[in-house]
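# Observations on the model geometry
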Amino acid sequence: MDGKSAQTKARVLDTALGMFRTKGFAKTTMRAIAAEAGVSLGSAYYYFASKDELVLELYRESVAEQRAAAAVAMDGVNGLADRLKAALHAGVDALTPYHDFGGAFISSALPPRSALSPFGEASREARENAVGLFDDVIDGTKVPHFLRPQLPELLWLAYMGVVLFWVYDTSANQRRTRTLIDGAAPLVAKLVSFSRLPVVKPLVEEALALKAKVQL
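None of these values were measured; they are calculated from a predicted model. Along each chain, the written sequence defines residue order, and numbers are assigned to residues from 1. Owing to the predicted nature of the model, reporting of local features is limited to residues with pLDDT of at least 70; listing and counting of side-chain atom pairs is limited to 80 or more, with chain, interface and lining totals taken over all residues. Here the side-chain values reflect all heavy atoms present in the structure, with hydrogen atoms and water set aside.

## Comments concerning the packing of helix 7 (residues 124-138) against helix 8 (residues 151-167)
A packed helix pair is summarised by two numbers, namely the angle formed by the two axes and the spacing between the axes. Stated formally: Between the N-to-C directions of two axes lies an angle of 0 to 180 degrees, each axis being a line fitted to C-alpha atoms and, for a helix, fitted only over the stretch in contact. A run of H or I in DSSP becomes a helix once it reaches four residues, and a run of E becomes a strand once it reaches two; helices and strands are each numbered from the N terminus. Roughly parallel covers angles under 35 degrees, roughly antiparallel covers those over 145, roughly perpendicular covers 65 to 115, and oblique covers all other angles. Note: crossing handedness is left-handed where the near helix turns anticlockwise from the far helix by less than a right angle, and right-handed where it turns clockwise. Residue contacts are defined here by distance: any two heavy atoms, one from each residue, within 4.5 Å place the two residues in contact.
For the pair helix 7 and helix 8, the least separation of the axes is 8 Å and the interaxial angle reads 110 degrees. One finds that helix 7 runs roughly perpendicular with respect to helix 8. When you trace helix 7 past helix 8, the crossing you get is right-handed. Along the contact surface, helix 7 presents Arg127, Ala130, Val131, Phe134, Asp135 and Ile138, while helix 8 presents Leu151, Pro152, Glu153, Leu155, Trp156 and Tyr159.

Dropping the structure here:
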């Protein structure tokens, strides 16, 4: 994609996000997005086949931004708690410009067959990249061998919970979400550490087996 095409694609995406925030996702049409962006309807559809693809592109971009920022923040940082905290804050940082749109996205992504579902096939690439971030988080930390393969996805699921909390966080600059991250990361690290204890390990293994049975 040449520079002009990339600029046009970015303009369509930025225009769509602005309209989603002001008019709502359901009421914003591709025709209106094209008109507001100053491009033909055909051009808008050339870059994005639907409104869902616009949101999925935002998801992909925010995950890539989060992973890049987290890599910088975690450089030289040891310990699961501090590395997890850096990654979660990086995620909120990447999403912050879209906080006003968060509620509309959640309402559109909740239906089981929605293309916007973070658990759906359409979002697989971004989801795998996001899970990969949490693989980076635990890289080099002390994690029990039996838990290591499943932990990145479990941390990503926990992050999805943080995002949901963030969407509904009306405190200034989403201060409560930041407080949640600062408090939850050390707790998660302690739980991971405790999972190797003989009295705890069987319970964790049972929980992991149950997760495997109900895996989407």
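## Some words on the side chain of Ser195
Here is the rule: Here the term buried applies to any residue with accessible area under 20% of the maximum for its type, exposed to any over 50%, and partly exposed to those in between, with areas from a 1.4 Å probe on protein chains only. Identification of polar contacts relies on pairs of N or O atoms within 3.5 Å, with a donor-acceptor requirement for protein atoms, meaning one able to donate a hydrogen and the other able to accept it, and with residues adjacent in sequence counted only if both atoms are side-chain atoms.
Within the element layout of this structure, Ser195 appears in the loop between helix 9 (175-194) and helix 10 (201-213). In this structure Ser195 comes out as buried when scored by relative accessible area, which is 1%. A polar atom in the side chain of Ser195 sits 2.5 Å from the backbone oxygen of Val192. Beyond its immediate sequence surroundings of up to four residues, Ser195 is in contact with Pro144, Phe146, Leu147, Val200, Lys201 and Val204.

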